[in-house]
Amino acid sequence: MIDWSTSPGEAAAHFAHRLAVEADVSDVATALDSGAPGFVLLDSRSAAAWAQGHVPGAVHLPGPEIAARADAELDRSVPVVTYCWGPGCNGATRAALALAGLGFRVREMIGGFEYWAREGLPVATADGEARRPADPLTAPAGLVCGC
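### A few points about the overall build of the chain
Step number 1: Broken down by element type, the chain carries six helices and seven strands.
Step number 2: Secondary structure elements in the chain, listed N-terminal to C-terminal, are α-β-α-β-α-β-α-β-α-β-α-β-β.
Step number 3: For 147 residues, the compact-globule formula gives about 15 Å, and the C-alpha radius of gyration of the chain, at 16 Å, lands near that figure.
Step number 4: Dimensions of the chain, computed from C-alpha atoms along their principal axes, come out at roughly 50 × 40 × 30 Å.
Step number 5: The long-range share in the chain, meaning contacts at least 24 apart out of those at least 6 apart in sequence, stands at 61%.
Step number 6: Accessible surface, the chain: about 8800 Å² in total, of which carbon and sulfur atoms supply 60%.
Step number 7: Averaging the coordinates of the 10 positive side-chain charges in the chain and doing the same for the 17 negative ones gives two points 2 Å apart.

### Describing the nonpolar core
Step number 1: One finds Val28, Leu41, Val55, Tyr83, Met109, Phe113 and Trp116 to be the most contacted residues of the largest nonpolar core, which totals 18 residues.
Step number 2: Elements with a contribution of two residues or more to this core: helix H2 (25–33), strand S4 (80–83) and helix H6 (112–118).
Step number 3: Contact partners of Leu41, with chain neighbours within four places excluded, come to Val28, Leu32, Val55, Ala58, Val59, Val81 and Tyr83.
Step number 4: One finds Leu42, Ile66, Ala95 and Val106 within the second-largest nonpolar core, a separate group that totals twelve residues.

Calculation criteria
- Residues numbered from 1 in each chain as written.
- Predicted model: local features only at pLDDT ≥ 70, side-chain atom pairs only at ≥ 80, totals over all residues.
- Heavy atoms only, no water.
- Helix = DSSP H or I, 4+ residues; strand = E, 2+ residues; numbered from the N terminus.
- Rg over C-alpha atoms; globule rule 2.2 N^0.38 Å.
- Contact = heavy atoms within 4.5 Å.
- Areas by Shrake-Rupley, 256 points an atom, 1.4 Å probe, with all protein chains shown as cover.
- Lys, Arg positive; Asp, Glu negative; His and termini not counted.
- Charge placed at Lys NZ, Arg CZ, Asp CG, Glu CD.
- Core = buried A, V, L, I, M, F, W, Y, C linked by side-chain atoms within 4.5 Å.
- Buried < 20%, exposed > 50% of the residue type's maximum accessible area, 1.4 Å probe, protein only.

Given below as structure tokens:
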């Protein structure tokens, strides 16, 4: 049974907070395409996962290594957007929490690398960049979601 005891004000505060700490794949892609995104994109996956494909221009810093390497590899004055595999993985959330705990301004890219690739956005590997066809369930052809 759904509990409807949450007030509209509590719900509004919750959703406003989510928007303050999350970014979606489309917004991240648009910002990166601008050439001046105002943040660094951080891939928190393993080296093997990174090698399979990652967002072009992302910085690779595996989650378990953030505490030891973040200060040497990231500029505290530049906000960070984290990503991991996808919505079934909380690695980006853990990475964002670790960075916030170190004093970095941070957001999490919801959908992760899975939705980046599924939306037909560029994927980088050692062989270069490629785009896969967009999955019509995540990026319907010829439609704009209007959100």
